[in-house]
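Spelled out from the first residue to the last, the chains are:
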Amino acid sequence: MMIVNWLIGGPQGMGVETSANSFARSCAYAGYWVFGKREYHSNITGEHSYFIVTVSDKPLHSFRDKLDVLATFDERTLRLHINDVKSGGVVIYDAEISLSSLNIKRDDIVFVPIKYNEIIKETAEKFGLGDIKKLQVMRNSICVFASAGILELPAECVEESMKHIFIGKRSKVLEPNKYAGLTAYKYAQSFSHKIEKKLHKREEETKRVILTGTQATALGKLVAGCRFQTYYPITPATDESEFLESIAKKYNMVVIQAEDEIAAITMSIGASLAGARASSSTSGPGFSLMAEALGWSGMNEVPIVIINYQRGGPSTGLPTRHEQGDLKFAIYAGHGEFPRIVLAPGDIQEAFYMVADAFNLAEKYQCPVIVLEDKLLANSVKTINQLDISKVKIERGKILQDSQNGQTLKKFRRFEFSEDGISPRVFLGHEGFIFWNSGDEHDEFGHITEDPENRLRMHEKRMKKLQKIVEETPMEKKIGEFGNPDSKFVVVSWGSTVGVALSALEELKEKGIEFFLLQIKMIHPLDAELVKSKIKGKVKIAVENNYSGQLASHITEKTGEFFDHLILKWTGRPISHDELVSALEKIIKMNYKEKRLVLSYGI
Amino acid sequence: MQNFQSIYRSDVESDWCPGCGDFGILSAIIQALGELEIPPWKCAIFSGIGCSGKTPHFINTYGIHTLHGRPLPFAIGAKMANPSLTVIAISGDGDGYGIGAGHFVNAGRRNVDITYIVHNNGVYGLTKGQASPTLKRGAQPKSLKYPNLNDMVNPIAIALASGYSFVARGFAYNVKHLKEIIKQAIIHKGLALVDVLQPCPVFNTVDTKEKYMERIKILDGNEFPTNDIKKAFEKALDEENLWIGIFYKNPEKETYEERYSEILSSYPSECPANLKMSDEKGNPTTDISEVLSNFLC
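1. Notes on the overall build of chain B
For step 1, the next point in the chain: Each helix and strand counted, chain B has 11 helices and 10 strands in total.
For step 2, the next point in the chain: Once the C-alpha set of chain B is aligned to its principal axes, its extents read approximately 70 × 45 × 40 Å.
For step 3, the next point in the chain: A buried classification covers 53% of the 297 residues belonging to chain B.
For step 4, the next point in the chain: Here the analysis covers contacts within chain B between residues at least 6 apart in sequence; of these, 69% occur between residues at least 24 apart.

So this is what it looks like as structure tokens:
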């Protein structure tokens, strides 16, 4: 598998994200598979941000750290990332920077000095653009073109990608950016003979799309029939709602920016009662606020889908950084006991299908479904197989369709005791019927009652759903299995960490080191017997982006199986391919004795 | 006058205290629904927590007894999902002006076509009489250990400042007047507040029915202009008189539903609740090919 690993960095506000997306798309148009990882500060302008785009001729499960190309247009990026550049790699930098003053001495790297200021000045003159200061942002396009030049990535691919990025008001500056870029392209191309790696156009048979996690999630909701979305702006969830807003018109999708997350979830519950498929997306702090209403929806058996894009916690935490710290909270949020489902997609593609199916689960079992995603998944951009809508099904569970004779008013037993614990549902406005809901314990009609006999039955009616979900859900919706199931070692992971575990699996296999990789997709209710059968008797290694090994702990609680090793990371940076390969080698091959192995690579 | 109790009064016995103002409000609501001929199943009543929270259980409509302070967002979600519903939110003054103050104000920004009836009694009755946001400073109803340290809020003024397009007040013991106001509030296109002075005979030993009756003055619908927000504020801020009636009414203000119909292609005729999302075999009918065309590679 061939890999070209590219990083661009710069101060926030200077188009780092835009340019990285442009480069990622360019490589995709040239027929490559890409995995883009974005890192940024909780800041609008000035702080350092960077974007890695890993490019390959095969599908990628994770980004890489060591760089083939370091593309910079400021000094700080050069300083911060130079040590990650591989031997034989390339550094694109501002010609006005003196490398020796930064103590940079690498004669195993090709340095490509770009005269940014000159190019911008020339472009400004040619197009009659005034303010040079404002035009500094063109550096990022110049940088992308220069990167393409030295890698011999066809310029048309970059031009094509820019058409998708310079839209709306930005389209006015498309031509100047192209001109400046092509100038740099030609110059950088003159260096291409000095390096081995190339990104010539290649044939890729598979039909693909390039999406971020928030976009895939949004599309999953849309296809599932969700037309009511609420949100409160919070990183990294906001992008999903803004994407839905941008396409809302055609689909008559009502997207409401609520005054807080409590309003967001309660509006969604109200909409669901009226018969809409409703959802709300947030991150940890917002999810904390939603806890009470989550309980209300569990108590009143109202289907809703909540996406929690986890980020560094606790409290305000690391707002723009990656973590998987809310697993236990998602399982137990809300006082008292009530059924809910907690899912975690392993990658962007899975997010589309899992989120679409989340609505089916929510309506079938009439309970809240929480989908745990994370910052890495939300913000990564990835080439994935074209979405197959035929794989999506819509199942709305027990909904009473027939209309009562409108003349006689009939009280509807919304919480009717039934064999399987699930009562038929009608929506608000259903002709001829009325029912009640109450956060208080209630009878079959929804009226308040404190009667212990009713409480005994009604509470169990709700809680029994968990067992039903475990019994009825097919295995492939609960777990994912990879690698060698007979191996003595089992690595257990969840969410986007499964990606890096998979890429480590692939590399280690080539080195003759094998293991079994178990992904938990349906975290709660956990099919304890199934999971136990997969891990019993093996050396158990959990890989998670949190401090306490929450999934491992959850599995231990439900199965009685203890984990031998926990590979953990909580620096707010996702686990990297190289550090995980190292860690697994330590454990599997080098007899690592400690239980905890803490990772911390990357800024 | 026709009695609508047989249609709209549910079979649940109310557990309110004898003499409670809530009974008057319940009667007024039932009478209003009846006179407006609203079919029970077309109406959804959302309540908060407290004595007033029980109200939907006593009325034959869809009744959603929600969380403390939150009936408004629940109600707004339901209404925006299915605008053909008649939606009423009911709560106490703690729900509305205390814990729910954020939702109270922000609902005004949206002007969703719903009616919000607030049982305003100056105390938290169901938790046994603590001061609520509408209890005056210095008042000491029987549960308070020392006189109230907090000033009271002015709900009418807050509603006017927040954008409510119909702002009114009633009195639980003038059921006929209250019923008329509630009818108008329901008919009104937009967010309608009906703040109801509601004596709590057990815990609010300060704001008694008699005290209210001494101070209450009715805004004469024929004389007082309801299209003048400045005059409405004046009446709201009047310390001498306790005005009831309609302070302000603006039927021209665009509702939230109308604003969304401007930006969506066919809302509300196509609304989230009535969407046909799949065929008979359960295959999704949503077509995202156009959106995806921007992401093909």
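Now, onward.
2. What about the overall build of chain A?
For step 1, the next point in the chain: Check the secondary structure of chain A and you find 21 helices and 24 strands.
For step 2, the next point in the chain: For chain A, whose C-alpha radius of gyration is 26 Å, the value lies close to the compact-globule estimate of 25 Å for 603 residues.
For step 3, the next point in the chain: Judged by the C-alpha coordinates and their principal axes, chain A covers about 80 × 60 × 45 Å.
For step 4, the next point in the chain: Every one of the 603 residues in chain A was classed for burial, and the buried ones make up 57%.

3. Quick notes on the domain arrangement of chain A
All names here are of chain A.
For step 1, the next point in the chain: What the domain assignment reports for chain A is domain 1 (3–194), domain 2 (210–387), domain 3 (410–472) and domain 4 (478–598).
For step 2, the next point in the chain: Once you take the C-alpha centre of each, domain 1 and domain 2 turn out to be 34 Å apart.
For step 3, the next point in the chain: Contributing elements (two or more residues each) for the side of domain 1 that touches domain 2: α1 (16–29) and β2 (33–39).
For step 4, the next point in the chain: Counting residues per element, the side of domain 1 that touches domain 2 draws most heavily on β2, which supplies 6 residues.
For step 5, the next point in the chain: Taken together, the residues of the side of domain 1 that touches domain 2 sort by class into 6 nonpolar, 4 polar and 3 charged.

4. A closer look at the interface of chain A and chain B
For step 1, the next point in the chain: Taken together, the contacts link 65 residues of chain A with 52 residues of chain B.
For step 2, the next point in the chain: The element that contributes the greatest number of residues to the side of chain A that touches chain B is helix α10 (residues 261–273) of chain A, accounting for 9 residues.
For step 3, the next point in the chain: Class assignment of the residues belonging to the side of chain A that touches chain B gives a composition of 38 nonpolar, 15 polar and 12 charged.

5. Observations concerning the confidence of the model for chain B
For step 1, the next point in the chain: Residues of chain B with pLDDT of at least 70 account for 100%, and the chain-wide mean is 97.
For step 2, the next point in the chain: Among the prediction metrics, the complex's ipTM stands at 0.98, with pTM recorded as 0.98.

6. Thoughts on the packing of helix α3 (residues 71–81) of chain B against helix α5 (residues 101–110) of chain B
The relative placement of two packed helices comes down to the angle between their axes together with the axis-to-axis distance.
All names here are of chain B.
For step 1, the next point in the chain: α5 packs onto α3 with a crossing angle of 30° between their chain directions and a minimal axis gap of 9 Å. Considered as vectors, α3 and α5 are oriented roughly parallel to each other. For the pair formed by α3 and α5, the contact residues are L72, P73 and I76 on the first element and H103, F104, A107 and R110 on the second.

7. With respect to the nonpolar core
For step 1, the next point in the chain: By size, the foremost hydrophobic cluster in this structure holds 268 residues, and its most contacted members are A:C27, A:A146, A:L343, B:A78 and B:V167.
For step 2, the next point in the chain: When residues in this core are grouped by element, the largest group, 11 residues, is from helix α14 (residues 348–365) of chain A.
For step 3, the next point in the chain: Once residues within four sequence positions are removed from consideration, B:V167 is found in contact with B:I156, B:A159, B:L160, B:L193, B:A232, B:F247 and B:Y248.
For step 4, the next point in the chain: Grouped together as the second largest cluster of nonpolar side chains are 7 residues, B:V123, B:Y124, B:A131 and B:L135 included.

8. Some details on the packing of α10(A) against α3(B)
For step 1, the next point in the chain: In contact at an axis separation of 6 Å, α10(A) and α3(B) are set at 45° when each is read in the N-to-C sense. One element, α10(A), and the other, α3(B), form an angle in the oblique class. Handedness of the crossing formed by α10(A) with α3(B): right-handed. Counting all contacts with α10(A), which are made through A:A263, A:T266, A:M267, A:S268, A:I269, A:G270, A:A271 and A:L273, the residues of α3(B) involved are B:P73, B:F74, B:A75, B:I76, B:G77, B:A78, B:M80 and B:A81.
For step 2, the next point in the chain: Its residues assigned to classes, the contact of α10(A) with α3(B) comprises 12 nonpolar, 4 polar and no charged.

9. Topic: the sheet that holds strand β9 (residues 254–257) of chain A
What links the strands of a sheet is backbone hydrogen bonding, and the strands pair in either a parallel or an antiparallel sense.
Residues and elements named next belong to chain A.
For step 1, the next point in the chain: Spatially, the 7 strands line up as an open sheet ordered β9-β8-β10-β11-β13-β12-β21, and their pairing is mixed. Two strands bound the open sheet, and with one partner strand each, they are β9 and β21 (522–524). Taken over all neighbouring pairs, the strand axes of this sheet differ in orientation by 25° on average, direction set aside.
For step 2, the next point in the chain: Where strand β12 (residues 341–343) meets strand β13 (residues 368–374), 3 bridges bridge the pair, whose relative direction is parallel. Across the sheet, residue V342 finds its bridge partner in β13, namely I370.

10. Points about helix α20 (residues 550–559) of chain A
For step 1, the next point in the chain: Looking only at α20(A), the buried set comprises A:Q550, A:L551, A:A552, A:H554 and A:I555.
For step 2, the next point in the chain: Phi turns positive, to about 85°, at A:G560, one or two residues after α20(A).

11. Brief notes about the pairing of strand β7 (residues 166–171) of chain B
All names here are of chain B.
For step 1, the next point in the chain: Burial analysis of β7 places 6 of its 6 residues in the buried class, which makes it a mostly covered element.
For step 2, the next point in the chain: On β7, burial covers both faces: F166, A168 and G170 on one face and V167, R169 and F171 on the other are all buried.
For step 3, the next point in the chain: Bridging between β7 and strand β8 (residues 192–197) involves 6 bridges; their strand directions are parallel. Within β8, the residue paired with G170 across the bridge is V196.
For step 4, the next point in the chain: With helix α7 (residues 175–187) bridging β7 and its parallel neighbour β8, the resulting β-α-β unit is right-handed.
For step 5, the next point in the chain: Bridge count for β7 against strand β10 (residues 242–249) is 4 bridges, and the pairing is antiparallel. Residue pairing in the sheet places A168 in a bridge with I246 of β10.

12. A short note on the pairing of β13(A)
Residue and element names in this part refer to chain A.
For step 1, the next point in the chain: Of all 7 residues making up β13, 7 are buried, and the element is well covered by its neighbours.
For step 2, the next point in the chain: Neither face of β13 is exposed, since P368, I370, L372 and D374 on one face and V369, V371 and E373 on the opposite face are all buried.
For step 3, the next point in the chain: Where strand β11 (residues 304–310) meets β13, 7 bridges bridge the pair, whose relative direction is parallel. Opposite I306, over in β13, you have I370 as the bridge partner.

13. What about the sheet that holds strand β19 (residues 489–493) of chain A?
Residues and elements named next belong to chain A.
For step 1, the next point in the chain: An order of β18-β20-β19-β22-β23-β24 is seen for the 6 strands of this open sheet, with the pairing classed as mixed. Where the open sheet ends on each side, the last strands, each with one partner, are β18 (479–483) and β24 (596–598). Strand-to-strand twist across the sheet, computed as the mean angle between neighbouring axes with direction ignored, equals 20°.
For step 2, the next point in the chain: As paired elements, strand β22 (residues 539–544) and strand β23 (residues 565–568) share 4 bridges and run parallel to each other. Across the sheet, E544 pairs through a bridge with L568, a residue of β23.
For step 3, the next point in the chain: Relative to the sheet, α20 contacts β19, β20 (516–520), β22 and β23, its axis offset from that of β22 by approximately 135°.

14. What to know about the environment of A:P574
All names here are of chain A.
For step 1, the next point in the chain: Counting through the fold element by element, P574 comes out in the loop between β23 and α21 (577–588).
For step 2, the next point in the chain: Its 28 C-beta neighbours within 10 Å are what place P574 among the buried residues.
For step 3, the next point in the chain: Separated by 253 residues in sequence, P574 and R321 place their C-alpha atoms 8.4 Å apart.
For step 4, the next point in the chain: Residues in contact with P574, not counting those within four places in the same chain, are K37, H322, L376, S496, V500 and N545.

Calculation notes
- Residues numbered from 1 in each chain as written.
- Chains lettered and ligands numbered in written order.
- Predicted model: local features only at pLDDT ≥ 70, side-chain atom pairs only at ≥ 80, totals over all residues.
- Helix = DSSP H or I, 4+ residues; strand = E, 2+ residues; numbered from the N terminus.
- Buried ≥ 20, exposed ≤ 12 C-beta atoms within 10 Å, placed from the backbone.
- Contact = placed C-beta atoms within 7 Å.
- Rg over C-alpha atoms; globule rule 2.2 N^0.38 Å.
- Domains from an automatic or database assignment.
- Nonpolar A, V, L, I, M, F, W, Y, C, P; charged D, E, K, R; others polar.
- pLDDT = per-residue confidence, 0-100.
- Axes fitted to C-alpha atoms, helices over the stretch in contact; angles between N-to-C directions.
- Parallel < 35°, antiparallel > 145°, perpendicular 65-115°, else oblique.
- Core = buried A, V, L, I, M, F, W, Y, C linked by C-beta atoms within 7 Å.
- Left-handed = near helix turned anticlockwise from the far one by under 90°.
- Pairing = 2+ DSSP bridges.
- Right-handed = clockwise from strand over helix to strand, strands pointing away.

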